[in-house]
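Chain by chain, the residues run as shown.
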Amino acid sequence: MPWARRVLVDERAWLTDREFAELLGMCQVLPGPNVVNLSVILVARWQGATGSLLALTGILFVPVIAVIVIATFYASVAHSEITRDAIAGASAAAAGLIIGTAFRLVSGTRPPPRAIVLAIAVFIAVALVQAPLLWVLAIVVPLAIAVEWYAAK
């Protein structure tokens, strides 16, 4: 996702930060990987249903083959401590990329303070309190809709 944002917003200027954030929000509630959903939505905008089908095939074909090859290799080295350490390091790097992208999105869109407060509340509930995500969303989504509806009045 950080690479997709850099290309779509910074390099090509096909989307603004706000448009990217809105589309990303929509992609996060749809089933499937966010970047796949984003590609299908954008290509549908520009090339229609046929383009979306081709984008879906193109974005999934090589990664599926790569995952099959990596899974086969991983099955042979999964018991190794070095492998577990490498996976832990890659996980930390991925988390850093996601956090960096979140900061860039927030700084580029300048959300209202009410949105930041809700985001912090969700983070605390899920990451620190370890409340089930489904329950947190069941409470926060209607609350966020009500807060935005009230703010729009």
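Model, not experiment: these values are computed from the prediction. (Residues numbered from 1 in each chain as written. Predicted model: local features only at pLDDT ≥ 70, side-chain atom pairs only at ≥ 80, totals over all residues. Heavy atoms only, no water.)

Enquirer: Kindly report on the packing of aromatic side chains, identifying the contributing residues and their values.
Expert: Given two aromatic rings, one states the distance between the centres and the angle between the planes to describe the pair. In this structure the tally under the stated criterion is one aromatic pair. Ring centres of W14 and W46 lie 5.5 Å apart, and the angle between their planes is 70°; on these two criteria the pair is classed as edge-to-face. Of the two residues, W14 is situated in the loop between helix 1 (2-11) and helix 2 (17-29) and W46 in helix 3 (residues 34-77); the sequence distance between them amounts to 32 residues. For W14, a relative accessible area of 45% gives the class partly exposed. (Phe/Tyr/Trp six-rings, centres within 6.5 Å; stacked < 30°, edge-to-face > 60°. Helix = DSSP H or I, 4+ residues; strand = E, 2+ residues; numbered from the N terminus. Buried < 20%, exposed > 50% of the residue type's maximum accessible area, 1.4 Å probe, protein only.)

Enquirer: A description of the environment of A131 should follow, citing residues and the corresponding values.
Expert: Within the element layout of this structure, A131 appears in the loop between helix 5 (113-128) and helix 6 (133-152). When near neighbours in sequence (up to four residues on either side) are disregarded, A131 contacts A125, V126 and V136. (Contact = heavy atoms within 4.5 Å.)

Enquirer: Mind laying out the layout of surface pockets, listing which residues take part and the relevant values?
Expert: A probe as big as a water molecule, rolled over the atoms, marks out the empty space that is left. Of the pockets and cavities examined, the largest pocket occupies roughly 2,100 Å³. In terms of lining, the largest pocket is formed by 41 residues, of which the most central are A21, G25, Q28, A115 and A119. Breaking the lining of the largest pocket down by element, the ones donating at least two residues are helix 2, helix 4 (81-109), helix 5 and helix 6. Across the lining of the largest pocket, the residue classes tally to 31 nonpolar, five polar and five charged. As a volume, the second largest pocket reaches approximately 340 Å³. (1 Å grid on protein atoms, 1.4 Å probe; cavity = no way out; pocket = protein on both sides within 12 Å on 5 of 7 lines; lining within 4 Å. Points joined across faces, edges and corners; volume = space filled by probe spheres on them. Nonpolar A, V, L, I, M, F, W, Y, C, P; charged D, E, K, R; others polar.)

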